[in-house]
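# Survey of secondary and tertiary structure
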Amino acid sequence: ELEETPMELGGEQGRWEEERLKTASLSFGAKKEREQGMKQEQEKYQLILEEDEMIDFVTTAITMKGTRSEKDAPALSQAELKKQSMQEVRRSLPIFPYRDDLLAAIHEHQILVIEGETGSGKTTQIPQYLLEDGYTKGGMKIGCTQPRRVAAMSVAARVAEEMGVKLGNEVGYSIRFEDCTSERTVLKYMTDGMLLREFLTEPDLASYSVIIIDEAHERTLHTDILFGLIKDIARFRSDLKVLVASATLDTERFSCFFDDAPVFRIPGRRFPVDIFYTKAPEADYLEACVVSVLQIHVTQPTGDILVFLTGQEEIEACCELLQERCRRLGSKIAELLVLPIYANLPSDMQAKIFNPTPPGARKVVVATNIAETSLTIDGIIYVIDPGFCKQKSYNARTGMESLIVTPCSRASANQRAGRAGRVAAGKCFRLYTAWAYKHEMEETTVPEIQRTNLGNVVLLLKSLGINDLIHFDFMDPPPHETLVLALEQLYALGALNHMGELTKLGRRMAELPVDPMLSKMILASEQYKCSEEVLTIAAMLSVNNSIFYRPKDKVVHADNARMNFVVPGGDHLVLLNVYNQPGIPALLTHLPSTASYPPRLQAVTAGYFYHTARLSKGGYKTVKHQQTVYVHPNSSLFEEQPRWLIYHELVFTTKEFMRQVIEIESGWLLEVAPHYYKSKELEDSSSKKMPRKQGKTKEELG
Ligand code: CDP
Ligand code: MG
């Protein structure tokens, strides 16, 4: 799950945003007649909010057709749902009437594509049906993959509850760094990445009777690789059942890829959703979300709200703003429960979104696109969709990966809207214009395999003995340059020999469930005799978010607190220092001395020599591609500006920022990557130190 939130938008996105800004200021400046229909509601609302705080939605709603009308089956309220026993709830799911047909189809076909509206019961019910039908006899397992960690955990918990067993016994989950399964586990939910790794220890997945590749429409890198591998093993494991489950998207393509496997369609049970667009683009979508939530809360009948934002920081900011405004409005408005959901949220907090809303109150769930199809929250009637998502993009020429907030696809927007029509007729408020929907959004999202670094996957495939990657059975092949670059990088890291074969080092690297550069760094630490420290650094780097909390209203405070942890050498050593602070005093007898810093930095260099930048006019330039990059303002080296840097990652916000940087000596590069760097490219143009750009030198500071 990607959680970096760019401060501003750039590139393609920037143009979109600029466009919005222009129009927004024009239309907000002008006084307009408001349409009759909205007038009354808005007057009510104005008692609470100023006029300029309101969002003007187009009142002629476009309705997304539901497949049945409201009177066919009255919507169940949360309270009623709770009252029913779990088994009754199971029987009320759209998939239930098709249970026997589905089992018959699975019996008949080895590979089956299953299509069904989000929330119809695919993920929670199908594994249970299979278990009831005897597919776990003799201790055989049913595996179900999820692209997201949160989904794997929460769905496993739900199924364990439905079956009345303890999570981790018969029903368990396995995600990177956390294995909640046991000998008894027969229903195993796991991330797609974890199943990929299982191929290393069990290449034919012999312990599984059924593999469900769920959320197939997400087309994550790992899911795409699984498609190829599983299609291959299904040829010689005729007893293995393969189910490819997907929301109502793209299913023909899956069928086609799996040699025309039949598609089993679970008829939807969706209520109509009215879609509203803004009349003019919104300049600040976060603010627009907050205002829309309050607008709905004050003017609309009962029903919970779901807001789609792009990442943790944005979600936290939105929740804070909402809570603050609610406090200010006090008893003038009904209770509003504000609940965030994103990948790194602690699981007890995650579970809260499923709690029923108390009578008289309203719940607003502020989510990443995890709530698009992976998780279903009952009771949602209103959806607010700003139309953005965070996406990885990859430059195959420079090998640079960045996370960018971009407009989501029309397919995503429609999935989001669909969330409003699960329990009753709903409304979706799109914080963009109908024109933007038509002309500025892509039809579908580009599969991850076409916009990401493939180092990890190539290493894994090589260790599975798949040498000819060009002819691997990809559903959509990655760009040729991306494959070639991955091979080159693995060669430079010493994981492959010049024949493209896995080396001993490469095999060891593949065993670590981390990116090749990180595993190289960890393995290199052995040679520099600092494995313990480097492991700590690796762990700290693997935390998705900054470990430093920086709330908007306490920026100065937060920055000062962070400064207290600064040690020379760079951010990796700061992370180590932070980790060691509340450590066990006994372990700190060998407190790190400055002399012990270089080996750690050298170990990092051994893994990340690709990420070297050299100080140049106005910023830094990457050594190989001469791309201009900058030290992130939150870095401990922001003011120091050392001549040679290695960065952990690049994030593209207002500029290309290097996050987590260390200072190195250029000579180390020749030592750790003699086949990659030539001493000529590392020559300094002047022998003198360059003048420091910003801030004061350490001497000046005393
Ligand atoms: O996979 P699909 O989207 O088809 O549906 P599902 O995830 O199996 O969800 C079926 C039902 O289980 C929905 O009504 C969910 O609200 C409910 N569920 C839940 O209450 N708690 C969870 N952690 C997961 C699902
Ligand atoms: Mg599902």
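Residues numbered from 1 in each chain as written. Chains lettered and ligands numbered in written order. Predicted model: local features only at pLDDT ≥ 70, side-chain atom pairs only at ≥ 80, totals over all residues.

Stated precisely, the cut-off is as follows: UniProt positions are given in the numbering used here, feature names are shortened, and annotations may be inferred rather than shown by experiment.
Naming follows an unreviewed UniProt entry, where the protein chain appears as Pre-mRNA-splicing factor ATP-dependent RNA helicase DHX16 of Haplochromis burtoni. According to its UniProt record, the protein chain has this under Catalytic activity (unreviewed entry): "ATP + H2O = ADP + phosphate + H(+)". According to UniProt, the comment filed for the protein chain under the heading Sequence similarities (unreviewed entry) is "Belongs to the DEAD box helicase family. DEAH subfamily. DDX16/PRP8 sub-subfamily."

## Section: the site of ligand 1
For clarity, the threshold we go by: Placing a C-beta atom from the backbone of each residue, we mark the residue near a molecule or strand if the atom is within 6 Å of it. Secondary structure is summarised from DSSP: a helix means a run of H or I of at least four residues, a strand means a run of E of at least two, and numbering begins at the N terminus for each. Gly counts as polar in this scheme, as do all residues outside two lists: the nonpolar Ala, Val, Leu, Ile, Met, Phe, Trp, Tyr, Cys and Pro, and the charged Asp, Glu, Lys and Arg.
As a matter of local geometry, ligand 1 sits amid 16 residues, with Lys 122, Thr 123, Thr 124, Arg 158 and Thr 376 nearest to it. When residues of the shell around ligand 1 are traced back to their parent elements, those giving at least two are helix H6 (122-132) and helix H7 (149-163). Taken together, the residues of the shell around ligand 1 break down into 3 nonpolar, 10 polar and 3 charged.

## A look at the UniProt feature "domain: Helicase C-terminal" (unreviewed entry) in the protein chain
Look at the UniProt record and you will see "domain: Helicase C-terminal" (unreviewed entry) annotated at residues 292-465. From the first C-alpha to the last, residues 292-465 spans 54 Å; its make-up is 34% helix and 25% strand.

## Focus: the pairing of strand E16 (residues 400-407)
This is how the line gets drawn: Any residue with 12 or fewer other C-beta atoms within 10 Å of its own C-beta is exposed, any with 20 or more is buried, and the rest are partly exposed; the C-beta atoms used are placed from the backbone. Think of it this way: DSSP has to see at least two bridges between two strands before they count as a pair.
For E16, the buried fraction is high: 7 of the 8 residues fall into the buried class. Bridging between strand E15 (residues 388-395) and E16 involves 8 bridges; their strand directions are antiparallel. Looking across to E16, one finds that Asn 395 is bridged to Met 400. Counting the residues in the hairpin turn of E15 and E16 gives 4 residues, including Gly 399, whose phi is positive at 75°.

## Quick look at the confidence of the model for the protein chain
Note the following rule: pLDDT is a residue-level measure of predictor confidence that goes from 0 to 100. For the purpose of contact definition, each residue receives a C-beta atom placed from its backbone, and two residues are in contact when these atoms lie within 7 Å.
Across the protein chain, pLDDT averages 84, with 84% of residues at or above 70. Note that pLDDT drops below 50 for residues 69-73; the model gives that stretch 3 contacts with residues more than four away or on any other chain. A low-confidence stretch, residues 686-702 stays under pLDDT 50, and its non-local contacts, those more than four residues away or across chains, total 10 contacts.

## A few points about unusual backbone geometry
The phi torsion at Leu 205 lies on the positive side, around 50°, for a residue other than glycine. Locating Leu 205 in the fold gives a position in the loop between helix H8 (192-201) and strand E7 (208-213). The buried category is assigned to Leu 205, around which 20 C-beta atoms lie within 10 Å. Despite not being glycine, Arg 219 shows a phi value in the positive range, around 50°. The residue Arg 219 is located in the loop between E7 and helix H9 (221-236) in this model. We classify Arg 219 as buried; it has 24 C-beta atoms within 10 Å.

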